[in-house]
Amino acid sequence: MSITDVAKFGSGENASVLGEYLDCACSGIMACSTCQVVVDKKWFDIVGNPEEAEQDMLDLAYNPQECSRLGCQIVLDSTMNGLLLMLPKGSNNMMDNIPFDD
């Protein structure tokens, strides 16, 4: 289960907060940056660095930080119990700029 999955399908207060603030515009296929989260520095080594493709999307994100990750790419496991995340104040939705035919 990813952070995005928790935001969409999780239960409880923290899942509700994630669901309210993370847009997840591309449904988790790493084609946008609306699920950007900032991992607390104490947790970043456990969560791990982004792969190159994820970093490319993070470069387009709203005010990316050194510890930014895409929520859809963080797969949760028992080592992440108590994980501390910060949410950016905004998002860049690249999906809004795709010229779809009517």
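Residue indices follow the written sequence of each chain, beginning from 1 at its first position. For this predicted model, a pLDDT threshold of at least 70 governs which residues receive local features, and a threshold of 80 or more governs which side-chain atom pairs are given and counted, while totals over whole chains, interfaces and linings are taken from all residues. The side-chain figures draw on all heavy atoms in the structure; neither hydrogens nor water molecules are used.

**Q** Requested: an account of the environment of I3, with residues and values cited.
**A** Only runs of H or I of at least four residues qualify as helices and only runs of E of at least two qualify as strands under DSSP, and these elements are numbered from the N terminus. Considering the arrangement of structural elements, one finds I3 in helix α1 (residues 3-9). Sequence-wise, I3 and M57 are 54 residues apart; in three dimensions their C-alpha atoms are separated by 16 Å. By the convention used here, residues are in contact when the closest approach between their heavy atoms is within 4.5 Å. Dropping the residues within four chain positions of it, I3 is found in contact with L18, L22, V37, G71, I74, L76, L83 and L85.

**Q** An account of unusual backbone geometry is needed here, citing residue identities and associated values.
**A** Positioned with a positive phi, C24 is a non-glycine residue whose angle comes to about 55°. With respect to the helices and strands, C24 occurs in the loop between α2 (13-21) and β1 (36-39). Residue burial is assigned from relative accessible area. The probe radius is 1.4 Å, only protein chains are included, and a residue is buried under 20% of its type maximum, exposed over 50%, and partly exposed in between. C24 gets classed as buried once you look at its relative accessible area, which sits at 7%. Look at M30: it is not a glycine, yet its phi comes out positive at around 60°. Relative to the elements of secondary structure, M30 occurs in the loop between α2 and β1. Accessibility expressed as a relative area gives 22% for M30, which makes it partly exposed.

**Q** Let's hear about the sheet that holds β1: which residues, and what values?
**A** Pairing is antiparallel in the open sheet, where three strands are placed in the order β2-β1-β3. Both edges of this open sheet fall to β2 (68-70) and β3 (85-86), since each of them pairs with a single strand only. Pairing between strands is defined by DSSP: at least two bridges between the two strands are required. One ladder, built from three bridges, connects β1 with β2; its direction is antiparallel. Paired with Q36 across the strands is L70, a residue of β2.

**Q** Run through the nonpolar core, naming residues and quoting values.
**A** Joining through side-chain atoms within 4.5 Å is the link that ties buried Ala, Val, Leu, Ile, Met, Phe, Trp, Tyr and Cys residues into a set, and such a set is a nonpolar core. Formed by 22 residues in total, the largest nonpolar core has its most connected members in I3, L22, V39, I74 and L83. Mapped by element, the contributors of at least two residues to this core are α1, α2, β1, α3 (41-47) and α4 (52-58). Not counting residues within four places of it along the chain, the set of residues in contact with L22 comprises I3, A7, T34, C35, Q36, V37 and L87.

**Q** Any details on the side chain of T4? Residues and values, ideally.
**A** Inspection of the secondary structure puts T4 in helix α1. When near neighbours in sequence (up to four residues on either side) are disregarded, T4 contacts C24, C35, G71 and C72.

**Q** Before we move on, can you summarise the side chain of S33 with the specific residues and values?
**A** Counting through the fold element by element, S33 comes out in the loop between α2 and β1. Judged by relative accessible area, S33 falls into the buried class, the value being 1%. Every residue in contact with S33, bar those within four places of it in the chain, is listed here: M57, L60, A61, L70 and N92.

**Q** So what's going on with the environment of A15? Residues and values would help.
**A** By the element assignment, A15 lies in helix α2. You can call A15 buried: its relative accessible area is 5%. In this structure, the C-alpha to C-alpha distance between A15 and L60, residues 45 residues apart in sequence, is 25 Å. The contacts of A15, once residues within four sequence positions are left out, are V6, A7 and G10.

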